Amino acid sequence: MQFRVENGGAVTSDPGEGRRHPGAEETFGKDSGPGRTQPAEKKWSARKEERGGLLPGLLFYKMLGFLQHPVVVTADVNLNLVVLTLMALLSRLWQLTYPRAVVFDEVYYGQYISFYMKRVFFLDGSGPPFGHMLLALGGYLGGFDGNFLWNRIGAEYSSNVPVWSLRLLPALAGALSVPMAYQIVWELRFSHCAAMGAALLMLIENALITQSRLMLLESVLIFFNLLAVLSYLKFSNSQQHRPFSLRWWLWLMLTGVACSCAVGIKYMGLFTYLLVLGVAAVHAWQLIGDRTLSNICVLCHMLARAVALVVIPVVMYLLFFYVHLILLYRSGPHDQIMSSAFQASLEGGLARITQGQPLEVAYGSQVTLKNAFGKPVPCWLHSHQHSYPMIYENGRGSSHQQQVTCYPFKDVNNWWIVKDPGRHQLEVSSPPRPVRHGDVVQLVHGMTTRLLNTHDVAAPLSPHSQEVSCYIDYNVSMPAQNLWRLDIVNRESPADTWKTILSEVRFVHVNTSAILKLSGAHLPDWGFRQLEVVGEKLSRGYHESTVWNVEEHRYGKSQEQKERELELHSPIQVDISRNLSFMARFSELQWRMLTVRSDDSEHKYSSTPLDWVTLDTNIAYWLHPRTSAQIHLLGNVVIWASAGLATMLYALLFLWYLLRRRRKICDLPEDSWWRWVLAGVLCVGGWAVNYLPFFLMDKTLFLYHYLPALTFQILLLPVVLQHLNDHLCRSQLQRSFFSALVVAWYASACHVFNTLRPLTYGDKSLSASELKALRWKDSWDILIRKY
């Protein structure tokens, strides 16, 4: 449908025609012919000197003419898109608040939404924070206060939880993916029929509907994946007509924004981003070879693409984390995973303990030493009265010295005193003498006053490393070796001072050059299951388990042991704050997200990538507490099977055409061939990059991980059908018969959608026999109550 209006003209049904309103040409007189324009010209000449020139008068003339005529707007409305969008909204938003209970992974995302509402810091290793922030935005707009206990799937939501608002954004993203599928196929220069086919398949795909109606992120990821592809196609088509136009810039920038949003939701979005980046690189390479363009023009094209597709995504990715860290400024349950410096930058928690500590460590300082990258858990250098056993279980002997371990809890036995080897005092002098990089120090255990020591005795669990102990003088031929050279890893200068929290340090044993290291092994019962600390003799370069930092710090004031013990037990109350820069916090948080190990235990509904293609698995999302109504993540088997066949058929046809073109036999016109290639690169390539990497992932996988790849297969399906109809059906009879088969096939897909609808929406209680009838595969887990 097309509407057209003109400035000063009537609206007509023909875009090429229009009649002017009577008197439209009478601006300064009834006749604008040559005979009548002279007086006007004379008037303008006379006014030229008064107004300083002719230009202001002409502008006034045009403005007056503009005001005398109606302002018209031209709009092209594609009713296909309007109807598709309305149908998609209906299918995703209908009874969105049902069920009013926690459904599957809503228990997982809901916790993070509550953290956002309460401004509490958390760490989620599954992906960047943008997706969580979008879900939290829904909660914020709905007035959610974060007070709900997300501890059980199936728990009913309390009245303060805005279920509709929390589920709205994923539902809108899922609905808008339907018309977007239409536009992508259309921008690939295929027919309206093929574009409608892609959208209708997206509309009735049961798994996509289920996933988009819940507080989950897959539908949002799919939306931005499709938006990135669509924006680039529109940009590429604008490139052929009006490069550097406003429309050209709009779609290019939107491509970069959509790619960054996809990556910001889940790391899976990186796959589609790399696909778009690869296609853009090929097109840029072709542009470089275009001799009709000047060098300056080519350079401008390259810079524009670099800014839009590289710089903007990087800046936006940083922006996601910036907003995330601005919002979450309070201490939370995941603090201990982070470094002491990061924890101290949060309100409450460690910040209340470390706030106002002396910045520079001096001789006589009382400190706790935390392993900077504690694995498997964060822990502090620790000692106690107990000694290593004389003989280990494997028959090896020990030094029988006092045990030194790494303890994962706050304890008074974590305190150490930094001592100058040349002096006996254990308190800070006035003025304090700061410890610098390269200084030799002794570490005195605060509660037992024994010095940290290592010697040529094998560690209890790491026989290739040295045992670390606190030295006890048994009057035997084993002298103390308790001198350690301080190595500040992140020093800014050779004379840098040792700083509280901020300095990452290593302790290098003077006698043996062994480095104090957390091995990560748990000691037996005689070591109270604490973590083993060793002297690593063969350390090659930097290793994170050898790095320590001062977390708690005070200046020792007493030389007497009993008074020192009272100091170690007393808290510090000084009101001074110290914060990390954003880039320091971002770098640490990003590294933790990439390296933190999630719970990879086997799940009842976990599956393998091979199960996804053939739909040999499903996920029971929710079961009504009293009836048999239930929600399953279960795909439309007709669409899934057809999409897999279309992918294989495309690959075979592409290979066939490629071989024949090598023999100089062109079955397709050049335009059709490149259109066919681009469709394959984006659709088959989109499926491949979003599916094949899962074979390399060592993590628990679920069926919903396949949905982004399935979306690209669905886009390919009508493309292959149109190709078969246009190029392989030779006669009109064959085309009519093929069209009838396509209609019958789509009708069967609609029938499957309607049959599985009770498991998609969960709004209908089925009998045991009806549920058994829906178990089309033995591997499907349909829940049947036993009354």
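The rules behind these values
- Residues numbered from 1 in each chain as written.
- Predicted model: local features only at pLDDT ≥ 70, side-chain atom pairs only at ≥ 80, totals over all residues.
- Heavy atoms only, no water.
- Buried < 20%, exposed > 50% of the residue type's maximum accessible area, 1.4 Å probe, protein only.
- Helix = DSSP H or I, 4+ residues; strand = E, 2+ residues; numbered from the N terminus.
- Pairing = 2+ DSSP bridges.
- Disulfide = S-S within 2.5 Å.
- Polar contact = N/O pair within 3.5 Å; in protein donor to acceptor, adjacent residues only side chain to side chain.
- Contact = heavy atoms within 4.5 Å.
- Salt bridge = Lys/Arg side-chain N within 4 Å of Asp/Glu carboxyl O.

1. Concerning the pairing of strand 9 (residues 466-470)
The side chains of a regular strand alternate, residue by residue, between the two faces of the sheet.
Here's step 1: Within strand 9, 5 of the 5 residues are buried, which leaves the element mostly enclosed by the surrounding structure.
Here's step 2: Burial of strand 9 is two-sided: the residues Gln466, Val468 and Cys470 facing one way and the residues Glu467 and Ser469 facing the other way are all buried.
Here's step 3: Direction of pairing for strand 8 (residues 452-458) relative to strand 9: antiparallel, over a ladder of 4 bridges. The residue bridging Ala458 from the neighbouring strand is Gln466, located in strand 9.
Here's step 4: Two strands pair when backbone bridges link them, and strand 9 and strand 13 (residues 531-536) are joined in this way by 2 bridges, in the antiparallel orientation. Across the sheet, Gln466 pairs through a bridge with Gly535, a residue of strand 13.

2. Considerations on the state of the cysteines
Here's step 1: In the structure shown here, the tally under the stated rule is 1 disulfide.
Here's step 2: At a sulfur-sulfur separation of 2.2 Å, the disulfide partner of Cys379 is Cys406. Disulfide Cys379-Cys406: torsion about the S-S bond near 90°, hence right-handed. Of this pair, Cys379 sits in the loop between strand 3 (365-371) and strand 4 (380-387) while Cys406 sits in strand 5 (residues 402-407), and the two are 27 residues apart along the sequence.
Here's step 3: Owing to a relative accessible area of 0%, Cys406 belongs among the buried residues under this scheme.

3. Topic: the side chain of Ser398
Here's step 1: Along the chain, Ser398 falls in the loop between strand 4 and strand 5.
Here's step 2: Among the residues examined, Ser398 registers a relative accessible area of 17% and is labelled buried.
Here's step 3: Engagement of the side chain of Ser398 in a polar contact is seen with the backbone oxygen of Pro389, the distance being 2.4 Å.
Here's step 4: Side-chain polar atoms of Ser398 contact the backbone nitrogen of His400, separated by 3.1 Å.
Here's step 5: Here Ser398 is in contact with Tyr388, Pro389, Met390, Tyr392, Val457 and Glu467, once residues within four sequence places are set aside.

4. Overview of the pattern of salt bridges
Here's step 1: For the structure on display, the rule yields 18 salt bridges.
Here's step 2: A salt bridge links Lys266 to Glu218, with the shortest nitrogen-to-oxygen separation between them at 2.3 Å. Remark: Glu218 occurs in helix 9 (residues 218-239) and Lys266 occurs in the loop between helix 10 (246-265) and helix 11 (269-288); sequence separation between them is 48 residues.
Here's step 3: The class of Lys266 is buried, set by a relative accessible area of 9%.
Here's step 4: Each member of the salt-bridge network shares a partner with another, and the members are Lys370, Lys410, Glu551 and Glu552.

Purely spatial values, then, with no claim about function.
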